[in-house]
Amino acid sequence: MDFNLTDNQQSYVDTVRRFVRSEITPHVMSWDREHSFPWGVIRKAWDLGILNLSIPASVKGFEIDVVSTALIIKELSYGDTGISTSAMCNDLANAVIAQHGTDAQKEAFLRPFVEGPLLASFCLTEPGAGSDNSAMTSFIRKSGDGYILNGQKCFITNASYASQFTVFCKVGKPTGNFMACVIVPVTSVASDDAGQTYSRSKEIATPEGGKIVVGKPEDKLGQRLSNTAAVTFEDVVVDGSQVIGDRRLGFKYIVDVLDYARPMVAAIGVGLARRALDVTMEYTKERKQFGQRICDLPVARESLVKMWKRVEFADLALMKAAFKVQEKSPDRGLYASLAKNAAAEAALFCANEGLHLHGGYGFMSEYEISKLARDAHIIDIYEGVREVQDMIIGREIV
Ligand SMILES: Cc1cc2nc3c(=O)[nH]c(=O)nc-3n(C[C@H](O)[C@H](O)[C@H](O)COP(=O)(O)OP(=O)(O)OC[C@H]3O[C@@H](n4cnc5c(N)ncnc54)[C@H](O)[C@@H]3O)c2cc1C
């Protein structure tokens with residue numbers, strides 16, 4: 001076992017750190033206030049080669065290993081977790097194609113992401129099916145040689161800007177026993193023509209028939225630099241070539257994707273937790289009360305130590321999970337859930353404790369710690385709430 005980064009990994013980390021320092025940190029507070037979608041940064045991230053990490057080399061993708069991907073996402077999240085959520089979502093949506101698609105499907109649905117700065121959406125959650133995604137009612141039914149897709153998804157990242165939707169749905173009827181995964185590409189929304197920020201709902205006519213209605217972007221507590229909206233599929237015609245793998249194995253594909261994605265959410269949490277620690281350290285080294293720097297007051301020092309420990313423990317859990325997923329170890333799901341919970345806990349703890357150590361200033365929106373405290377909550381919720389991770393851990397260890 002070796003905790004040293006390889007030369008390649010160190011170079012990814014250094015590159016993303018430089019990118020965050022020059023392109024994100026100086027602007028992040030004003031973007032957050034404006035609630036604007038940072039297309040410019042997404043485009044630059046694509047130019048730099050830090051988007052679409054999981055696309056296979058066979059279609060000229062980077063096919064970056066899981067540990068390196070986690071390192072990249074962690075560094076990007078240090079800059080902003082809305083931006084990293086948006087970036088990571090491409091891999092979430094595209095991993096299922098990379099894992100279970102045919103060569104022709106990889107060429108058709110993954111190659112466009114190699115060729116241009118596009119965004120994808122992963123459509124699983126529905127109004128009546130959150131943690132229990134088996135309760136979903138979106139479905140495809142047979143029609144001629146293909147299928148018709150109907151259903152409503154909610155809280156979908158990148159939806160207003162997506163050029164492709166990866167959709168999980170029932171087969172045959174809303175209460176069907178089987179689940180499928182279908183890919184719905186739409187007219188490209190490239191970052192060049194998307195200088196505008198979407199603030200309304202929109203309708204997209206799909207090439208073969210039917211339409212997609214993307215709701216008004218959600219006004220969120222935190223992660224305001226990611227786009228989130230509801231998506232409704234109305235009689236969307238789906239060709240057989242858009243169905244990934246076996247149309248009865250969608251549930252298995254969800255598990256496979258989430259095993260990959262949960263360490264990535266953990267990376268988002270660790271990045272945020274470390275940022276909260278660093279801004280708090282900086283603040284408490286400057287601010288003096290009782291004739292001493294806050295960081296030298298024993299009880300405050302104890303809080304800083306607790307924050308540091310949470311970051312380090314969560315980072316260890318993240319690296320172990322990423323390694324297990326990379327090695328396709330049979331217990332990868334267990335460690336993915338552990339890392340996700342540990343990182344969410346670290347993010348919430350460090351953001352809250354950091355805000356407290358800023359005193360009244362931490363409550364002012366001009367201080368970054370207040371933004372981090374808003375951003376942290378979702379890490380404990382998306383891709384499976386804390387209790388769902390505990391359910392998985394409980395099932396595996398007993
Ligand atoms: C900003 C944002 C981005 C998102 N992006 C996407 C996306 O791109 N694609 C997508 O498909 N979804 C996305 N989601 C949805 C997200 O994954 C769900 O919100 C999440 O899975 C929880 O589902 P829910 O909101 O319906 O909560 P519910 O399932 O209703 O859970 C509510 C609460 O009930 C409790 N609970 C639930 N289940 C259990 C249990 N088994 N045992 C004990 N307690 C339980 C927990 O306290 C939980 O927090 C996003 C959500 C947000 C807010």
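Computed from a prediction, not measured in an experiment: that's the story for all the values here.

Enquirer: In this structure, what is going on with the overall build of the chain? I would like to understand it.
Expert: Check the secondary structure of the chain and you find twelve helices and ten strands. For 398 residues, the compact-globule estimate of 2.2 N^0.38 gives 21 Å, and the chain sits close to it at 21 Å. Dimensions of the chain, computed from the C-alpha atoms along their principal axes, are close to 80 × 50 × 40 Å. Counting only contacts in the chain whose residues sit at least 6 apart along the sequence, the fraction spanning at least 24 positions is 73%.

Enquirer: Help me out: how do you make sense of the site of the ligand in this one?
Expert: The environment of the ligand is formed by 22 residues, the closest being Leu124, Thr125, Gly130, Ser131 and Thr157. Secondary structure elements with two or more residues in the shell around the ligand: β1 (119–123), β3 (146–157) and α12 (386–397). Partitioning the shell around the ligand into residue classes produces twelve nonpolar, seven polar and three charged. Two domains each put at least three residues into the shell around the ligand: domain 2 (119–247) and domain 3 (251–397).

Enquirer: For this particular structure, what's the right way to read the domain arrangement of the chain?
Expert: Taken domain by domain, the chain holds domain 1 (7–112), domain 2 (119–247) and domain 3 (251–397). Taking only C-alpha atoms, the centre of domain 1 and the centre of domain 3 are 20 Å apart. If you look at the interface, domain 1 gives 23 residues, while domain 3 gives 23 residues. Taken together, the elements giving at least two residues each to the side of domain 1 that touches domain 3 come down to α2 (28–34), α4 (66–79) and α5 (81–100). Of the residues that constitute the side of domain 1 that touches domain 3, the class distribution is eleven nonpolar, eight polar and four charged.

Enquirer: Hey, could you run me through the nonpolar core in this one?
Expert: The tendency in soluble globular proteins is for nonpolar side chains to be buried as a group. Residues Val182, Leu318, Ala343, Ala347 and Ala351 are the most contacted members of the largest nonpolar core, which totals 125 residues. With 17 residues, helix α8 (residues 250–286) is the largest single contributor of residues to this core. Dropping the residues within four chain positions of it, alanine 347 is found in contact with Gly269, Leu272, Ala273, Ala376 and Ile379.

Enquirer: Would you mind showing me how to read the pairing of strand β6 (residues 202–205) here?
Expert: Within a regular strand, side chains alternate between the sheet's two faces. Bridge count for β6 against strand β7 (residues 211–214) is four bridges, and the pairing is antiparallel. From the neighbouring strand, glutamate 203 faces β7, where its bridge partner is valine 213. Adjacent in sequence and paired antiparallel, β6 and β7 are bridged by five residues, among which glycine 209 carries a positive phi angle near 130°.

Enquirer: So what exactly am I meant to see when it comes to the pairing of strand β4 (residues 162–171) here?
Expert: For β4, the tally of buried residues reaches nine of ten residues, placing the bulk of the element in the interior. Of the strand pairs in this sheet, β4 and strand β5 (residues 179–185) are connected by seven bridges, and their pairing is antiparallel. The partner of valine 167 across the bridge, within β5, is valine 182.

Enquirer: Would you mind going over the packing of helix α1 (residues 7–24) against helix α3 (residues 39–48) with me for this structure?
Expert: Think of two packed helices as two axes; the pair is described by the angle between the axes and how far apart they sit. Contact geometry for α1 and α3: axes closest at 12 Å, N-to-C directions at 155°. With respect to their mutual orientation, α1 and α3 come out roughly antiparallel. Classified by chirality, the crossing of α3 by α1 is right-handed. Each of Thr15, Phe19, Glu23 and Ile24 in α1 lies in contact with α3, whose residues at this interface are Val41, Lys44 and Leu48. Grouping the amino acids of the contact of α1 with α3 by side-chain chemistry returns four nonpolar, one polar and two charged.

Conventions adopted
Residues numbered from 1 in each chain as written. Predicted model: local features only at pLDDT ≥ 70, side-chain atom pairs only at ≥ 80, totals over all residues. Helix = DSSP H or I, 4+ residues; strand = E, 2+ residues; numbered from the N terminus. Rg over C-alpha atoms; globule rule 2.2 N^0.38 Å. Contact = placed C-beta atoms within 7 Å. Near = placed C-beta within 6 Å. Nonpolar A, V, L, I, M, F, W, Y, C, P; charged D, E, K, R; others polar. Domains from an automatic or database assignment. Core = buried A, V, L, I, M, F, W, Y, C linked by C-beta atoms within 7 Å. Buried ≥ 20, exposed ≤ 12 C-beta atoms within 10 Å, placed from the backbone. Pairing = 2+ DSSP bridges. Axes fitted to C-alpha atoms, helices over the stretch in contact; angles between N-to-C directions. Parallel < 35°, antiparallel > 145°, perpendicular 65-115°, else oblique. Left-handed = near helix turned anticlockwise from the far one by under 90°.

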